[in-house]
Amino acid sequence: MYANNWRPHPFHQFLLKVHSRCNLACDYCYVYTLADQSWRSQPMVMAPEIVSAAAKRIAEHAVAHGIAAVRLILHGGEPLLAGPAFLRETVAAIRAEAAPDVRVDAAVQTNGVLLDERALRAFADLDVKVGVSLDGSARGNDRNRRFADGRSSFAPVADALARLMSPDYRHLYSGLLCTIDLVNDPLETYESLAQFEPPMIDFLLPHGTWESPPPGRTADPGRTPYGDWLITVFDRWYGSAEEPEVRLFQEIINLLLGGASASEAVGLTPSSLVVIETDGTIEQTDSLKVVRHGAAATGLNIVDHPFDAALRDPGMVARQLGWQALSDTCTSCRFARVCGAGLYPHRYRPGTGFRNPSVYCHDLYKLIDHIRSRLVADLRRSSR
């Protein structure tokens, strides 16, 4: 029990870092290019005994908290570097340990370079949903997402998406993840992604903090480059027929209409995600690596500790407190319950920690206000 009768929320999402290396060298990658360099000491591939321990701990946690279904996310680095056979065995092991009491919904987030027929057959056999990272057109994508020798990654990813879109595998396709680059034209980026017919597009703000701001984000409250970029896409997307779902926009609309968010990017829904590294260490969300070396660490591992121990970690508690974790600036804002101070790592400032508005505060405010205005105008028209 915590202050104000608050209780921890059990984990429902388990992100396994099955491989700690990557076959691309993306400029903005929070794993390899930012403050935390712990990947260097991680095993390349998760050992079978760690997979087994993870399976037992996931089943244990779900049964203890009466959870009927959990989400397993295969991640990295680049998870497909572990090979389809290893990924197949990992999913099968975790499902076998959880059955018959708990359903395990599995997904993989990949850069797509190695998404060949063999991998897709393995995912189809196990109904593993597939999300692919792509930053728009060939020009836009290759500005940041390249091989280490500078070669383009767009063509092999486009080929992989063509396979994923085929009738045999279309049901596995969960969507595209795109990190915003202000240099890339927003409409060109959106249209290029939409050509691959994703069920969903997830636009991500580049990771940054008040200490290390993201590209183009200055202290000037009058400049909202990311808000402006997203508003351009929103106005193209909103009200158009047969468009893919855009997660950020849909979450903001849900929140403005009184619903809850399923994303940590906005809103106050308690975090339900925990990370298991290749060596079995238990960590908070790995985007915290943008803050400093060791910021995501809990000091726990799945061999010696249950996931309930991670629920008591101060960092996990802070990410579940919702309103109580917001700064005074945020709680006095009209959009506090919609924005929720944005993604937790983006709040960090030396001296005050995470009790700050997001480094994207002004961008998020402008975007939310714009979406609200469009909704209000539509509601007024429909009521006439």
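The preceding data block contains the structure.
Residues numbered from 1 in each chain as written. Predicted model: local features only at pLDDT ≥ 70, side-chain atom pairs only at ≥ 80, totals over all residues. Heavy atoms only, no water.

A.B. asks: Tell me about the overall build of the chain, and please be specific about residues and values.
C.D. replies: A count of helices and strands for the chain gives 13 helices and 10 strands. For the chain, whose C-alpha radius of gyration is 20 Å, the value lies close to the compact-globule estimate of 21 Å for 384 residues. The dimensions of the chain, computed from C-alpha atoms along their principal axes, are 60 × 50 × 45 Å. Taken across its 384 residues, the chain has 53% of its residues classed as buried. Counting contacts in the chain only where the partners sit at least 6 residues apart, residues at least 24 apart contribute 71% of the total. (Helix = DSSP H or I, 4+ residues; strand = E, 2+ residues; numbered from the N terminus. Rg over C-alpha atoms; globule rule 2.2 N^0.38 Å. Buried < 20%, exposed > 50% of the residue type's maximum accessible area, 1.4 Å probe, protein only. Contact = heavy atoms within 4.5 Å.)

A.B. asks: Break down the packing of helix H7 (residues 225-237) against helix H13 (residues 361-383) for me, citing the residues and quoting the values.
C.D. replies: For the pair H7 and H13, the least separation of the axes is 7 Å and the interaxial angle reads 25 degrees. On the basis of their axis angle, the class for H7 and H13 is roughly parallel. Relative to H13, the crossing made by H7 is right-handed. Contacts from Pro225, Tyr226, Gly227, Asp228, Leu230, Ile231, Phe234 and Asp235 in H7 reach Asp363, Lys366, Leu367, His370, Ile371 and Arg374 in H13. Here the residues of the contact of H7 with H13 sort into 7 nonpolar, 2 polar and 5 charged. (Axes fitted to C-alpha atoms, helices over the stretch in contact; angles between N-to-C directions. Parallel < 35°, antiparallel > 145°, perpendicular 65-115°, else oblique. Left-handed = near helix turned anticlockwise from the far one by under 90°. Nonpolar A, V, L, I, M, F, W, Y, C, P; charged D, E, K, R; others polar.)

A.B. asks: A description of the nonpolar core should follow, citing residues and the corresponding values.
C.D. replies: Ranked by internal contacts, the top residues of the largest apolar core, which has 96 residues, are Leu115, Phe123, Leu164 and Phe203. When residues in this core are grouped by element, the largest group, 8 residues, is from helix H1 (residues 48-64). Judged by nonpolar contacts, the second largest core, of 9 residues, contains Leu288, Val290, Ala295 and Phe354. (Core = buried A, V, L, I, M, F, W, Y, C linked by side-chain atoms within 4.5 Å.)

A.B. asks: Describe the packing of helix H8 (residues 247-256) against H13, with residues and values.
C.D. replies: Relative orientation of the contacting elements H8 and H13 amounts to 65 degrees, with a least axis distance of 10 Å. Regarding the angle of H8 to H13, the classification is roughly perpendicular. In this structure, H8 crosses over H13, and the sense of that crossing is right-handed. Taken together, the residues of H13 that come into contact with H8 (itself represented by Leu248, Phe249, Ile252, Ile253 and Leu256) are Leu367, Ile368, Ile371, Arg372 and Leu375. Its residues assigned to classes, the contact of H8 with H13 shows 9 nonpolar, no polar and 1 charged.

A.B. asks: Would you mind going over the sheet that holds strand S5 (residues 173-179) in detail, with residue names and values included?
C.D. replies: Strand order in the open sheet made by the 10 strands is S7-S6-S5-S4-S3-S2-S1-S8-S9-S10, with mixed pairing throughout. Whereas interior strands pair on both sides, the edge strands pair on one side only; in this sheet they are strand S7 (245-246) and strand S10 (297-301). As judged from the 5 bridges shared by strand S1 (residues 13-17) and strand S2 (residues 69-75), these two strands associate in the parallel manner. Looking at the pairing, Phe14 lines up with Leu72 of S2. (Pairing = 2+ DSSP bridges.)

A.B. asks: Explain unusual backbone geometry to me, using residue names and the numbers behind them.
C.D. replies: Most peptide bonds are trans, and most residues other than glycine sit at a negative phi. For the peptide bond that leads from Gly76 to Gly77, omega is 20 degrees, which places it in the cis range. Structurally, the position occupied by Gly77 is in the loop between S2 and helix H2 (84-98). A cis amide bond links Ala99 to the next residue, Pro100, at an omega of 0 degrees. Looking at the element boundaries, Pro100 is found in the loop between H2 and strand S3 (103-110). Here the phi dihedral of Glu197 falls at roughly 50 degrees; this positive angle occurs in a residue that is not glycine. Assignment of secondary structure puts Glu197 in the loop between helix H6 (186-194) and strand S6 (200-204).

A.B. asks: Just give me the short version of the packing of aromatic side chains, but keep the residues and values in it.
C.D. replies: The geometry of two aromatic rings is summed up by the distance between their centres and the angle between their planes. This structure, assessed with the given rule, holds 12 aromatic pairs. Between the aromatic rings of Tyr226 and Tyr360, the centroid separation amounts to 5.1 Å while the plane-to-plane angle is 85 degrees, which identifies the pairing as edge-to-face. Placement of Tyr226 in helix H7 and of Tyr360 in the loop between helix H12 (336-339) and H13 is noted, with a sequence separation of 134 residues between them. Tyr360 carries the same exposure label as Tyr226, and that label is buried. Between Phe234 and Trp237, the aromatic rings sit 5.8 Å apart at their centres with planes inclined by 50 degrees, giving tilted as the arrangement. Of the two residues, Phe234 and Trp237 both sit in helix H7, 3 residues apart, roughly one turn of that helix. The cationic tip of Arg349 hangs over the ring face of Trp210; the distance from NZ or CZ to the ring centre is 4.4 Å. (Phe/Tyr/Trp six-rings, centres within 6.5 Å; stacked < 30°, edge-to-face > 60°. Lys NZ or Arg CZ within 6 Å of the ring centre and 35° of its normal.)

Limitation: the analysis is restricted to geometry and does not speak to function.
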